[in-house]
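Survey of secondary and tertiary structure
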Amino acid sequence: MQIETVMVVGAGQMGSGIAQVCAQSGFQVFLNDLQDTMVEKGLAVIRKNLERQVGKEKMSKEEKDAILARVIPSTHLKDAEHADMVIEAATENSTVKMNIFKELDRYAPEHVILATNTSSLPITEIAAATNRPEKVIGMHFMNPVPVMKLVEIIRGLATADEVCKAVKEITGRLNKIAVEVNDFPGFVSNRVLMPMINEAIYAVYEGVASKEAVDEVMKLGMNHPMGPLTLADFIGLDTCLYIMETLHEGFGDDKYRPCPLLRKYVKAGWLGRKSGRGFYQYT
């Protein structure tokens, strides 16, 4: 299964990172989003990341230019007809993702693998929106994509063996490490991580400790690089809430119930770094 051209759907934080590592690894990349301004914003992030590497002398200007030249802006899913593989990295919403997969199934040639970067949603359900469930797979990158090594590979009920093998090989070409997990809500990463973040929020909500104290305990006592509340702000509190709701619904277990303080912050528009305020304020 020869893959040379990759289409990335969604030019946000995750999508631009995925597009960057694909282009750095020699793939031609279509970076797609709904509007030109969104695509340009994603390209600007890639450009800034690469320029930082040039500044650190980890990459030459010529290499940077060659990588950028491999990224093609796109605002129509019809461009999937030119791809060998599509990686969807749109917002974490099942309706949005399933509508995208219906369109991709319409435009992409039969041989094309359709991967989703979902962090919690069922791969089998997304695959059912297409006429090629055997070619649909989960490919969950970690944030920030250019730095983090892990990619969770999640097979749906119908995912073919050769598709899983091809995606693992591609992950290796991206200089990432593929870890295969089963199709359960939250997979492994968010099934473990999000309840920890949620419990940290409960500790603040119930007055156990201040947000600063909770973060310090986890950094100094558990050797985490950043505290769970700082991490929640980095991920986006709306994303954290959505994943907790997915876990709660998927397992039907109240140990996954989202903390009321998390709901309150999201309703207030305090979404973390991207909105300028979450548990901490950002300028």
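Parameters and conventions
- Residues numbered from 1 in each chain as written.
- Predicted model: local features only at pLDDT ≥ 70, side-chain atom pairs only at ≥ 80, totals over all residues.
- Heavy atoms only, no water.
- UniProt positions renumbered as here; feature names shortened; annotations may be inferred.
- Buried < 20%, exposed > 50% of the residue type's maximum accessible area, 1.4 Å probe, protein only.
- Helix = DSSP H or I, 4+ residues; strand = E, 2+ residues; numbered from the N terminus.
- Arc of directions from axis to C-beta.
- Contact = heavy atoms within 4.5 Å.
- Core = buried A, V, L, I, M, F, W, Y, C linked by side-chain atoms within 4.5 Å.
- Phe/Tyr/Trp six-rings, centres within 6.5 Å; stacked < 30°, edge-to-face > 60°.
- Pairing = 2+ DSSP bridges.
- Axes fitted to C-alpha atoms, helices over the stretch in contact; angles between N-to-C directions.
- Salt bridge = Lys/Arg side-chain N within 4 Å of Asp/Glu carboxyl O.

Under an unreviewed UniProt entry, the name given to the protein chain is 3-hydroxybutyryl-CoA dehydrogenase, and the organism recorded is Siminovitchia sediminis. Quoted straight from UniProt, the Pathway (unreviewed entry) entry for the protein chain says "Lipid metabolism; butanoate metabolism." Under the heading Sequence similarities (unreviewed entry), UniProt records this for the protein chain: "Belongs to the 3-hydroxyacyl-CoA dehydrogenase family."

**Digging into helix H11 (residues 260-267)**
When H11 is considered as a whole, its buried residues turn out to be Leu261, Leu262 and Tyr265. Viewed along the axis of H11, the buried residues span an arc of 105 degrees, placing them on a single side of the element. Exposed residues lying more than 90 degrees from the buried face of H11 are Lys264 and Lys267. If you follow the buried residues of H11, they end up packed against helix H7 (189-205) and helix H10 (237-251). Positive phi appears at Gly269, one or two residues downstream of H11, with a value of about 85 degrees.

**Remarks on the nonpolar core**
If you look at the biggest cluster of nonpolar residues, it comprises 39 residues, and the most contacted ones within it are Met85, Ile87, Met139 and Phe141. Residue contributions to this core peak at 6 residues, all from helix H1 (residues 13-24). Dropping the residues within four chain positions of it, Phe141 is found in contact with Met14, Ile18, Ile87, Asn117, Leu150, Val151 and Leu174. With 23 residues, the next largest nonpolar core counts Ile197, Cys240, Leu241 and Tyr280 among its residues.

**As for the UniProt feature "domain: 3-hydroxyacyl-CoA dehydrogenase C-terminal" (unreviewed entry) in the protein chain**
As annotated by UniProt and renumbered to match this structure, "domain: 3-hydroxyacyl-CoA dehydrogenase C-terminal" (unreviewed entry) occupies residues 186-282. A helix fraction of 62% and a strand fraction of 0% characterise residues 186-282, whose end C-alpha atoms lie 28 Å from each other.

**Focus on unusual backbone geometry**
Of the consecutive residues Asn143 and Pro144, the connecting peptide bond is found in the cis state with omega at 0 degrees. By the element assignment, Pro144 lies in the loop between strand S6 (136-141) and strand S7 (150-155). At Phe187, a position not held by glycine, the phi torsion is positive, near 55 degrees. Turning to its location among the elements, Phe187 is positioned in the loop between strand S8 (177-181) and H7. Positive phi is not limited to glycine here, since Asn223 has a value of about 60 degrees. Within the secondary structure, Asn223 sits in the loop between helix H8 (211-222) and helix H9 (228-235).

**Some remarks on the packing of aromatic side chains**
Per the stated rule, a full pass over the model turns up 4 aromatic pairs. Between Tyr265 and Phe279, the aromatic rings sit 4.9 Å apart at their centres with planes inclined by 40 degrees, giving tilted as the arrangement. Placement of the pair is Tyr265 in helix H11 and Phe279 in the segment after H11, with a sequence separation of 14 residues. With respect to burial, Tyr265 and Phe279 carry one shared label: buried.

**Things to note about the sheet that holds strand S3 (residues 71-74)**
If you walk across this open sheet you meet the 8 strands as S3-S2-S1-S4-S5-S6-S7-S8, and the pairing is mixed. Among the strands making up the open sheet, the edge pair consists of S3 and S8. Along the sheet, successive strands turn relative to each other by an average axial angle of 25 degrees, direction set aside. Note: strand S2 (residues 28-32) against S3, 4 bridges, orientation parallel. For Phe30, the partnering residue across the bridge sits in S3 and is Ile72. Docked against the sheet, helix H2 (residues 36-55) engages S2 and S3, running at close to 130 degrees with respect to S2.

**Notes on the pattern of salt bridges**
Side chains bearing opposite charge may pair, as long as their charged atoms lie close to each other. Going through the model one piece at a time under the given rule, you end up with 16 salt bridges. Between Lys97 and Glu88 there is a salt bridge, and its shortest N-O distance comes to 2.5 Å. Judged by relative accessible area, Lys97 falls into the buried class, the value being 1%. Residue class for Glu88 comes out buried when judged on its relative accessible area of 0%.

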